[in-house]
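Secondary and tertiary structure notes
Residues per chain, in single letters:
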Amino acid sequence: MSAFERYYTELFRFLSGKLRDKHLAEEMTQETFSRALASQEQISSHRGLLYHIARNLLVDRYRLQKQYEPSQDIAADELLAPGHEQPDSLLENQRYMDHIVAAIETLPPRCREAFIRHRIEGQSQSEVAASMGISTNMVEKHIIRAMLACRASRDSWRAEQSTRKS
């Protein structure tokens with residue numbers, strides 16, 4: 001089943017509820033899928049990407065509807081993208097993600113597989129256990145080990161960043 005088939009109705013209902021206009025919600029749902037298909041980003045969740053795009057479209061629409069007084073002055077800093085969308089922030093976020101991914105890649109293969117299936121692909125612990133042929137208790141141990149590795153990686157990243165800023 002494609003992401004379109006899986007999430008179209010859900011996304012349409014979400015947008016219909018926000019817009020209170022079925023025709024406009026249909027157009028925005030189509031636009032959301034068009035933008036998702038054009039996206040060059042690697043994604044871990046189709047649903048997450050679709051909702052992210054849909055929310056951005058809603059924000060854009062509300063901004064267009066908002067009317068400014070002609071004499072209203074706009075400060076230069078209001079024209080900048082939010083801090084999390086600035087190139088240096090995006091680069092820093094990518095470096096952090098690379099740091100976490102490196103920590104995950106150092107995990108033993110079975111531990112890494114259980115973690116990715118559960119935390120990234122969204123499988124339940126029992127589904128992971130069944131597909132890997134191990135107990136749910138072992139899945140829990142793998143996930144805990146991976147989470148501790150991620151936490152240690154995060155802590156080392158923070159320490160590295162605080163020494164860099166000093």
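All residue numbers here refer to positions counted from 1 along the written sequence of the relevant chain. Whole-chain, interface and lining totals are the exception, using all residues; otherwise, since this is a predicted model, local features are given only for residues with pLDDT of at least 70 and side-chain atom pairs are given and counted only at 80 or more. Note that water and hydrogens are dropped before the side-chain values are worked out from all heavy atoms of the structure.

Looking at an unreviewed UniProt entry, one finds the protein chain named RNA polymerase subunit sigma-70, with Pantoea rodasii as its source organism.

**Examining the overall build of the protein chain**
The secondary structure listing takes helices from DSSP runs of H or I that are at least 4 residues long and strands from runs of E that are at least 2 residues long, numbered from the N terminus. A count of helices and strands for the protein chain gives 7 helices and 0 strands. Look at the contacts in the protein chain between residues 6 or more apart in sequence, and 53% of them connect residues 24 or more apart. Accessible area for the protein chain stands at about 12200 Å²; split by element, carbon and sulfur atoms hold 51% of it. Here, two residues are considered to be in contact whenever any of their heavy atoms come within 4.5 Å of each other. For every accessible area listed, the method is Shrake-Rupley and the probe measures 1.4 Å; residues are considered covered only by the protein chains on display.

**Focus: the pattern of salt bridges**
Basic side-chain nitrogens of Lys or Arg form a salt bridge, by our definition, when they fall within 4 Å of a carboxyl oxygen of Asp or Glu. Enumeration over the complete set of coordinates arrives at 6 salt bridges. A salt bridge links Glu 10 to Arg 47, with the nearest nitrogen and oxygen atoms 2.5 Å apart. Here the residue Glu 10 occupies a position in helix H1 (residues 3–19), and Arg 47 occupies one in helix H3 (residues 46–65), the gap between them amounting to 37 residues. Each residue gets one of three labels from its accessible area relative to the maximum for its type: buried under 20%, exposed over 50%, partly exposed in between, using a 1.4 Å probe on protein chains only. Note on Glu 10: relative accessible area 27%, which makes it partly exposed. The salt bridge involving Glu 31 is made with Arg 35; its shortest N-O contact spans 2.7 Å. With Glu 31 and Arg 35 both in helix H2 (residues 22–38) and 4 residues apart, the pair spans about one turn of that helix. Residue Arg 35 is classed as partly exposed on the basis of its relative accessible area, which comes to 39%.

**Considering the side chain of His 142**
Here His 142 lies in helix H7 (residues 136–165). By relative accessible area, which is 12% here, His 142 ends up buried. Ignoring anything within four residues of it in the chain, the contact list for His 142 reads Arg 110, Cys 111, Ala 114 and Ile 134.

**Regarding the nonpolar core**
As a rule of thumb, nonpolar side chains are buried together in soluble globular proteins. Among buried residues, the Ala, Val, Leu, Ile, Met, Phe, Trp, Tyr and Cys ones that are joined through side-chain atoms within 4.5 Å form a nonpolar core. In this structure, Leu 11, Phe 14, Leu 15, Leu 19 and Met 28 are the most contacted members of the largest nonpolar core, which totals 19 residues. Every element with two or more residues in this core is listed here: H1, H2 and H3. Leave out the neighbours within four places in its chain, and Leu 15 touches Arg 20, Ala 25, Met 28, Thr 29, Thr 32, Ala 54 and Leu 58. Among the nonpolar cores identified, the runner-up in size contains 7 residues, and Ile 104, Cys 111, Phe 115 and Cys 150 belong to it.

**Regarding the layout of surface pockets**
Lining residues are defined by having an atom within 4 Å of a point belonging to a cavity or pocket. Those points lie on a 1 Å grid over the protein atoms alone, cavities being sets where a 1.4 Å probe fits but cannot get out and pockets being open sets with protein on both sides within 12 Å along at least five of seven lines. Grid points are joined across faces, edges and corners, and a volume is the space filled by probe spheres set on the points. Roughly 1100 Å³ of internal volume is contained in the largest pocket. What lines the largest pocket is a set of 29 residues, and nearest its centre among them are Glu 41, Gln 42, Ile 43, Ser 44 and Met 97. Those elements that provide at least two residues to the lining of the largest pocket are H3, helix H4 (87–105) and helix H5 (109–120). Per-element tally for the lining of the largest pocket: the top contributor is H4, with 10 residues. Amino acids outside the nonpolar list (Ala, Val, Leu, Ile, Met, Phe, Trp, Tyr, Cys, Pro) and the charged list (Asp, Glu, Lys, Arg) are all regarded as polar, and Gly is one of them. For the lining of the largest pocket, the per-class residue count stands at 13 nonpolar, 10 polar and 6 charged. Here the lining of the largest pocket gathers at least three residues from each of two domains, domain 1 (1–70) and domain 2 (87–165). Domain segmentation is taken from an automatic or database assignment of domains.

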